[in-house]
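A closer look at the structure
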Amino acid sequence: MNSQASSKVATLRKLLEKGVLAPGCYDGLSAALVANHGFEAAYVTGGSIAYSRLGRPDIGLVSMSEVADTIALIADRVDLPLIVDADTGFGNALNTMRTIRVFERSGASAIQLEDQQMPKRCGHLAGKSLISCEEMVGKLKAALDTRENALIVARTDAIAVEGFDAALDRAEAYVEAGADILFVEAPPSQDAVHELCRRFSGKTTLLANMVEGGSTPVQPADELFDLGYRLVIFPGAFARTLVHAANAMLTVLKKDGTTKAHWDQMVDLKGINDAIGTGELVEQGRRYSPEMESFSTLKQADK
């Protein structure tokens, strides 16, 4: 792992001491907007990669290489620690070791592994199945032995499959195996959220997953930090917002044959150029290619 990647892991460790809110992202644009709004970390969500790249649900259709490509594109675009959803590690312990190596090289600062069987599915969908606790412990140990510096997040989906008490037992085993961060998926009530904190706060770093319309009551990050959580993710909020906004625009376009009635809900060409840093990039290019037109000249040409 290079020095820049190591620095991002160190930054993430420091952020976790006080608590960090990480929105979900799934491509360069979503990551750029997260960074523009001053967030200190981002969560690379496998579910939203499936939604955006495949137009399909989070049911294990995305490949390891597709996620690795996405990590690399995001890491090239933003200077943020990236917590990356690695699903099941894409196979057994040997597959998991390869996944850890590839994801670290691609730019992951933390890598999340879960105890579902392949093909996995979204943690808030029914019909999941699990590998044994012993197999998951082995995969976590393989990940820990392989990683150079990235943090390892252990996720259990056992609440929906085996019940809350069994999920706590698995979580204990994963903490004992050495996982840096613990993610118990889909606690179904406020009491369950509190019990997880009573059981594990102070023993490990706890992650809370906020899914709009999911099984867990959605709470503000500050309230979760006060309870003892140190990493709060809103993984699908960006994609859900995009679907809502895009449907509204497309309804107008279909009806009117133009987007004009929707302009107050859109950014124009200048707005998107400002968001993605077009001006800065063009001016940077001019330092090396003096004949390149300035951004102000390009803006005049757009009018």
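Before reading on, note that the structure itself is shown above.
Residues numbered from 1 in each chain as written. Predicted model: local features only at pLDDT ≥ 70, side-chain atom pairs only at ≥ 80, totals over all residues. Heavy atoms only, no water.

1. A closer look at the nonpolar core
Cut-off, in case you're wondering: We call a set of buried Ala, Val, Leu, Ile, Met, Phe, Trp, Tyr and Cys residues a nonpolar core when their side-chain atoms join them within 4.5 Å. Burial classes follow relative accessibility: with a 1.4 Å probe on protein chains only, a residue under 20% of its type's maximum area counts as buried, one over 50% as exposed, and anything between as partly exposed. Strands are runs of DSSP state E lasting at least 2 residues, helices are runs of H or I lasting at least 4, and numbering of each runs from the N terminus. Residue contacts are counted whenever heavy atoms from the two residues lie within 4.5 Å of one another.
Ranked by size, the top nonpolar core spans 40 residues in total, and within it Val67, Val84, Phe103, Ile111, Leu113 and Ile152 carry the most contacts. With six residues, helix α6 (residues 133-146) is the single largest residue contributor to this core. When residues no more than four places from it in sequence are discounted, the contact partners of Ile111 are Val84, Ala86, Ile100, Phe103, Glu104, Ala150, Leu151, Ile152 and Val153. By size, the runner-up hydrophobic cluster in this structure holds 21 residues, among which are Ala158, Ile159, Leu168 and Val193.

2. Comments concerning the pairing of strand β3 (residues 82-85)
Counted only if it meets this: Between any two strands, pairing holds if DSSP finds at least two bridges. Handedness is read with the strands pointing away from the viewer; a crossover is right-handed when the path from the first strand over the helix to the second is clockwise.
The alternating pattern of β3 places Leu82 and Val84 and Ile83 and Asp85 on opposite faces, both of which are buried. In this sheet, β3 lies alongside strand β2 (residues 42-44) in parallel orientation, the contact comprising three bridges. By the bridge assignment, Tyr43 is partnered in β3 with Ile83. Since β3 and strand β4 (residues 110-114) lie parallel, the crossover through helix α5 (residues 93-106) that links them has a hand, and here it is right-handed.

3. A few points about the environment of Gly89
Relative to the assigned elements, Gly89 resides in the loop between β3 and α5. Note: C-alpha distance between Gly89 and Thr204 (115 residues apart in sequence) is 22 Å. Ignoring sequence-local partners within four residues, the contact set of Gly89 consists of Asn95, Thr96, Thr99 and Leu113.

4. A short note on the sheet that holds strand β8 (residues 231-234)
For clarity, the cut-off: Under this scheme, a helix contributes an axis fitted over its contacting stretch, all axes are lines through C-alpha atoms, and angles between N-to-C directions fall in the 0 to 180 degree range.
Strands sit in the order β1-β2-β3-β4-β5-β6-β7-β8 around a closed barrel of eight strands; the barrel is parallel. Each adjacent strand pair in this sheet contributes to an overall mean axis angle of 25°, direction not counted. Judged from the four bridges that link them, strand β1 (residues 20-25) and β8 form a sheet pairing that is parallel. Across the sheet, the residue bridging to Leu21 is Val232, located in β8. On top of the sheet, helix α4 (residues 64-77) reaches β1, β2 and β3; it is set at about 165° to β3, its chief contact.

5. Some thoughts on the side chain of Gln112
Heads up, the condition is: Any N or O atom pair separated by 3.5 Å or less is treated as a polar contact, with the protein-specific requirement of one donor-capable and one acceptor-capable atom, and with residues adjacent in sequence counted only for side-chain atom pairs.
If you trace the backbone, Gln112 turns up in strand β4. Looking at Gln112, its side chain comes within polar contact range of the side chain of Asp85, at 3.5 Å. Apart from residues lying up to four places away in sequence, Gln112 is in contact with Tyr43, Val84, Asp85, Ala86, Asp87, Val153, Arg155 and Phe183.

6. Quick notes on the packing of aromatic side chains
Rule in force here: Whether two aromatic rings pair depends on their centres lying within 6.5 Å, for rings of Phe, Tyr and Trp, where Trp uses its six-membered ring; planes under 30 degrees apart make the pair stacked, over 60 edge-to-face, and the rest tilted.
Within this structure, the stated rule accounts for two aromatic pairs. With 6.2 Å between their ring centres and 70° between their planes, Phe90 and Phe103 make a pair best called edge-to-face. Taken together, the residues Phe90 in the loop between β3 and α5 and Phe103 in helix α5 connect sequence positions 13 residues apart. Just as Phe90 is buried, Phe103 falls in that class too.

7. Re the pairing of β1
Most of β1 is tucked away, with five of its six residues classed as buried. Considered for its hand, the β-α-β crossover made up of β1, helix α2 (residues 28-36) and β2 is right-handed.

8. Considerations on a nonpolar patch on the surface
Our working rule: Like-charged residues are merged into a patch within 9 Å and nonpolar side chains (Val, Leu, Ile, Met, Phe, Trp, Tyr) within 5 Å, provided each residue has over 30% relative accessible area and no salt bridge. In this description, accessible areas are obtained by the Shrake-Rupley approach with a 1.4 Å probe, and a residue is regarded as covered only by the protein chains that are shown. The working definition used for a salt bridge is a side-chain nitrogen of Lys or Arg within 4 Å of a carboxyl oxygen of Asp or Glu.
A cluster of nonpolar side chains, Leu29, Val267, Leu269, Ile272 and Ile276, forms an exposed patch at the surface whose accessible area comes to about 420 Å². The greatest single-element share of the nonpolar patch, amounting to three residues, is contributed by helix α12 (residues 269-276). Among the structural elements, Leu29 can be located in helix α2.

9. Overview of α2
Of the residues making up α2, those classed as buried are Ser30, Ala31, Ala32 and Val34. Against β1, β2, α4 and α11 (237-256) lie the buried residues of α2. For α2, the side-chain oxygen to backbone nitrogen distance between the N-cap and Leu29 is 3.3 Å, and the N-cap itself is Asp27. Looking one or two residues beyond α2, the residue adopting positive phi is Gly38, at roughly 85°.

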